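Examining the three-dimensional arrangement
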Amino acid sequence: MQGFPQTEKIIPERAVRGPYVIVDVRSPKEFADGSVPGAINLPLLDDRQRAEVGIAYKKEGSRQARFRAVDAVSGGLPFYLRSIETLSQRGRDLVVMCWRGGERSRNVILLLGLVGVRARQMEGGYKAYRRWVLDALADWQPERPVVTLHGHTGVGKTAVLRALQERAPQLSAPVPDVLDLEGLALHRGSLLGGLNQPGRRGQRDFDSMVWERLDSPAADYWIVEGEGGKIGGTYVPPAVQEMIRNGLPVLLRDEMHRRVDRILREYAPGEWTEKERKNFRSGLEIIGKRISAEEMLQLRTDFEDGRFKAVVEKLLVTYYDPLYERSSVGERKFSLVLDLSGDPDEDGVILAEELRPLIQSWSG
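Residues numbered from 1 in each chain as written. Predicted model: local features only at pLDDT ≥ 70, side-chain atom pairs only at ≥ 80, totals over all residues. Heavy atoms only, no water.

Overview of the sheet that holds strand β5 (residues 119–122)
Threshold: Here a strand pair is declared whenever DSSP counts at least two bridges between the two strands. Each helix is a run of DSSP H or I of at least 4 residues and each strand a run of E of at least 2, with the numbering of both proceeding from the N terminus.
Ordered by their spatial adjacency, 5 strands build an open sheet running β1-β5-β4-β2-β3, and the pairing between neighbours is parallel. Where the open sheet ends on each side, the last strands, each with one partner, are β1 (9–10) and β3 (40–41). Sheet analysis places strand β2 (residues 20–24) next to β3, joined by 2 bridges and oriented parallel. Pairing of D24 across the sheet is with N41, part of β3.

Set out below in structure tokens:
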């Protein structure tokens, strides 16, 4: 804006890819709605203060709104600036961002300059960053081979993926680069996959985390689980859906008793809150439209009586396995079929070994 001192700007792409500490000065609610992975939220105004300044702007104009903002931050300003200054001592330059790269980030940078701390401003703020992520995801195509893991519910696809992720540095080439979509989405992908999770992931943060992984490949080929177009409440970007569809198809198989035990460990139904139990009952009602009334009654009874193992096995036999077999995935011709041992670490190593000649021939 004319009349305001200029700040040194940096575009979102350079800020994210460069050796910077990104300081997001938006309010906590704005930050929770979507943020740059790894950014540190040090809000100039909290949610209440931001709302009050916004009301003042509408009713009294921009000048009075600025005075309200100054009143709100003045008392805690020394501590606030010291908090940011501490970040600058980590050996990396600072990039400050707000919603549109406007007054909040500019004012913080100018105040930092008064105490001798240099910082750049993210040009366009979070709004520009979000646009960059969406455009980049829309244009992305894998430049390396892709392997897509398939298998019945509870077979342990995610466990094998995560074991591979941990063991990748010790594996000989070609090395897999894991894209754990369910981990990024905080959801296991099935109808009841949101239960016993550490939180909920919004679409904006999911997109950002997916792009962060795609933008920084670390190995020789991608390996991903065969997800649909939606994981819980988050949509998988179309380019990633295409990646999954076109990947070298691999089928993982395991015995029913291990599938049941694995699901029980992951979902831990005996530790659910009443809200989670209510969510499960709601999920059962949806499943009940696909199974017989007798099967549904038995599921309800077993659940309320705490017979969780019986519930899981019945769900697999009556709902999830038939659903899988009816899908196009169930009819797919696989390039590799691997019977699992129940030990994800061992299975991950075996899978990498079995994939080696396939990836080499594909790449060659």
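Considering the packing of aromatic side chains
Quick reminder of the rule: Only centres within 6.5 Å qualify two rings of Phe, Tyr or Trp (six-membered ring in Trp) as a pair; their planes then separate them into stacked at under 30 degrees, edge-to-face at over 60, and tilted for everything else. Burial here depends on accessible area, computed with a 1.4 Å probe over protein chains only, as a share of the maximum for the residue type. Under 20% is buried, over 50% is exposed, and the range in between is partly exposed. Comment: the charge-over-ring label is applied if NZ (Lys) or CZ (Arg) is within 6 Å of the ring centre and within 35 degrees of the ring normal.
A complete count under the given rule lists 10 aromatic pairs for this structure. Aromatic pair Y129 and W132: ring centres 6.1 Å apart, planes at 55 degrees, arrangement tilted. Taken together, the residues span about one helical turn, with Y129 and W132 both in helix α7 (residues 125–139) at a distance of 3 residues. W132 matches Y129 in its accessibility class, with the two residues each being buried. For the pair W272 and F280, a centre-to-centre distance of 5.3 Å together with 45 degrees between the ring planes defines the contact as tilted. Take W272: its relative accessible area is 11%, and that puts it in the buried class. Directly above the aromatic system of Y267 lies the positively charged group of R188, at a separation of 4.2 Å from the ring centroid.

Focus: the nonpolar core
Definition in use: Among buried residues, those of type Ala, Val, Leu, Ile, Met, Phe, Trp, Tyr and Cys that are joined through side-chain atoms within 4.5 Å constitute a nonpolar core. In what follows, a contact means two residues having at least one pair of non-hydrogen atoms within 4.5 Å.
One finds L179, L181, V210, W211, L214 and V240 to be the most contacted residues of the largest nonpolar core, which totals 34 residues. Elements with a minimum of two residues in this core: β2, β4 (93–97), α7, α9 (181–185), α10 (203–214), β8 (221–225) and α11 (238–246). Looking at which element gives the most residues to this core, the answer is α7, with 6 residues. Excluding residues that lie within four positions of it along the chain, W211 makes contacts with R17, W132, V133, A136, L137 and W140. Counting residues in hydrophobic clusters, the runner-up holds 22 residues, among them V21, L44, V96 and V117.

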